[in-house]
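A closer look at the structure
Given next are the chains, with one letter for each unit.
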Amino acid sequence: MFQLIKGAHIADISGLEEGYQLCDDGKLTANVSAEKIIKVFESFISKMDEDEALFLYIEAPCSEDEEKELNSNDISKLHRNVYYLDGLNQESALDLLQSGVGELLINDGLVLFGIGSLITNIEIGKCKYNMLIGFLQEADEKCFTDIFKENDIPRLATIKTAWDFISEKNPGECSSYEFGGKDIYVLIEQLQELGLYKAETREE
């Protein structure tokens, strides 16, 4: 049975199934049940060379105070801060995800994050409602097909993601999530001590 992450809710997800689709432009879109998301990331990291330079990115909603500064009188626009943590390798990236950081990043419905290689620029990321995206760049697509095969996620010609099930009559909602008493803002502060830096602020 397909499980949504803890920070996401859709009234009815009957018919929502796992699968991934590879597009001609080297982009991948996947629909992955919550309990398998960290396994997909672990498989991805394990495909990298042990000493390959990796990075983590996090996109988190701006705080209420930040929005007031950015928006002035226009409250209709929302923004998110984009952060990067460089200097990771296979071992440290796995340790980070398995330390509880992965649990929070995966289950916060408002946060986007991903892991990529600074060498090949191949990357995989989590978007809202259990959707994963991947960018092959110049890499062999077998890298991704192996990852999803290892996790029993089928390749399909086209997939239906949670977005295809959301409507006025079947609404979806994303929310923040705490793990071990930490929310995303506490996590960001802690990761800044390890070198996480803010790259930009984007409009949603």
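Up top is the structure these notes are about.
One structure accompanies this document, and this report is about it.

Reading the values: the criteria
- Residues numbered from 1 in each chain as written.
- Predicted model: local features only at pLDDT ≥ 70, side-chain atom pairs only at ≥ 80, totals over all residues.
- Heavy atoms only, no water.
- Buried < 20%, exposed > 50% of the residue type's maximum accessible area, 1.4 Å probe, protein only.
- Helix = DSSP H or I, 4+ residues; strand = E, 2+ residues; numbered from the N terminus.
- Contact = heavy atoms within 4.5 Å.
- Polar contact = N/O pair within 3.5 Å; in protein donor to acceptor, adjacent residues only side chain to side chain.
- Core = buried A, V, L, I, M, F, W, Y, C linked by side-chain atoms within 4.5 Å.
- Pairing = 2+ DSSP bridges.
- Axes fitted to C-alpha atoms, helices over the stretch in contact; angles between N-to-C directions.

1. A few points about helix 1 (residues 34-47)
- Restricting attention to buried positions, one finds in helix 1 the residues Ala34, Lys36, Ile37, Val40, Phe41, Ser43, Phe44 and Ile45.
- For helix 1, the elements touching its buried residues are strand 4 (54-61), helix 3 (90-107), strand 6 (112-117), strand 7 (123-126), strand 8 (131-135) and helix 4 (142-150).

2. Side note on the environment of Lys126
- Looking at where Lys126 falls in the secondary structure, it is placed in strand 7.
- For the pair Lys126 and Phe144, spaced 18 residues apart in the sequence, the C-alpha separation amounts to 15 Å.
- The contact partners of Lys126, leaving out residues within four places of it in the chain, are Ile5, Phe41, Leu105, Ile106, Asp108, Val111, Leu112, Phe113, Met131 and Leu132.
- At 2.8 Å, the side chain of Lys126 and the backbone oxygen of Leu105 are in polar contact.
- A polar atom in the side chain of Lys126 sits 2.8 Å from the backbone oxygen of Asp108.

3. Brief notes about the nonpolar core
- If you look at the biggest cluster of nonpolar residues, it comprises 55 residues, and the most contacted ones within it are Phe44, Leu56, Ile58, Leu105, Phe144, Phe148 and Ile184.
- Among the elements that take part in this core, helix 3 stands out by supplying eight residues, more than any other.
- Leave out the neighbours within four places in its chain, and Leu56 touches Tyr83, Tyr84, Leu85, Leu88, Leu96, Leu105, Phe113, Gly114, Ile115 and Leu191.

4. Some thoughts on the sheet that holds strand 10 (residues 197-203)
- One open sheet holds the eight strands; their spatial order is 2-3-8-7-6-4-5-10, and the pairing between them is antiparallel. Of all the strands in the sheet, just strand 2 (19-22) and strand 10 have a single pairing partner and so form its edges. The mean angle between the axes of side-by-side strands here comes to 15°, regardless of whether they run parallel or antiparallel.
- The pairing of strand 4 with strand 6 spans six bridges and is antiparallel. Opposite Leu56, over in strand 6, you have Ile115 as the bridge partner.
- Docked against the sheet, helix 5 (residues 184-192) engages strand 4 and strand 5 (79-88), running at close to 145° with respect to strand 4.

5. Quick look at the pairing of strand 5
- Burial of strand 5 is extensive: seven of the ten residues sit out of reach of the surface.
- Of the pairings in the sheet, the one linking strand 4 to strand 5 comprises seven bridges and is antiparallel in character. Residue pairing across strands places Glu59 opposite Val82, the latter belonging to strand 5.
- In this sheet, strand 10 lies alongside strand 5 in antiparallel orientation, the contact comprising six bridges. Counted as the bridge partner of His79 is Glu203 from strand 10.

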